[in-house]
Amino acid sequence: QVQFVESGGGLVQPGGSLRLSCAASGFIFSIYTMTWYRQAPGKQRELVAGIRSGGTTNYANSVKGRFTISRDNAKKTVYLQMNSLKPEDTAVYYCNAESYTGTYPFSWGQGTQVTVSS
């Protein structure tokens, strides 16, 4: 059974930092591209960052230079270090696994809420 358990969210002031973690299980973690998405109220889910099995990363323009994605294949965990947070980063953050064909074969987890507010 595939599971994604996201954690590390919370309330933070603008300019602050958070580190999100996503513990995955039930599939061969090391061969998948791992991704972080977010969904703000009333908006569609959007890609934030991805990291390929070989370590190549990509980011949404809105988070480049502020967010860093990383992975630990031994722990089957993907991380998202978020610095210089802005109110517009407020959303529920989810992780998932992208196959080599670009599809997402697994269900989404519960996500973790990130709120950036003074």
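Our structure is the block above this text.
Residues numbered from 1 in each chain as written. Predicted model: local features only at pLDDT ≥ 70, side-chain atom pairs only at ≥ 80, totals over all residues. Heavy atoms only, no water.

**Considering the side chain of threonine 112**
For threonine 112, the location among the structural elements is in strand β10 (residues 112-116). Apart from residues lying up to four places away in sequence, threonine 112 is in contact with Glu6, Ser7, Gly8, Gly9, Leu20, Ala91, Val92 and Tyr93. (Helix = DSSP H or I, 4+ residues; strand = E, 2+ residues; numbered from the N terminus. Contact = heavy atoms within 4.5 Å.)

**Considering the environment of glutamate 98**
Residue placement: glutamate 98 occurs in strand β9 (residues 91-98). Relative accessible area serves as the criterion here: at 23%, glutamate 98 is assigned to the partly exposed category. With 91 residues separating them along the chain, glutamate 98 and serine 7 place their C-alpha atoms 20 Å apart. Ignoring anything within four residues of it in the chain, the contact list for glutamate 98 reads Tyr32, Thr33, Thr35, Thr103 and Tyr104. Engagement of the side chain of glutamate 98 in a polar contact is seen with the side chain of tyrosine 104, the distance being 3.2 Å. (Buried < 20%, exposed > 50% of the residue type's maximum accessible area, 1.4 Å probe, protein only. Polar contact = N/O pair within 3.5 Å; in protein donor to acceptor, adjacent residues only side chain to side chain.)

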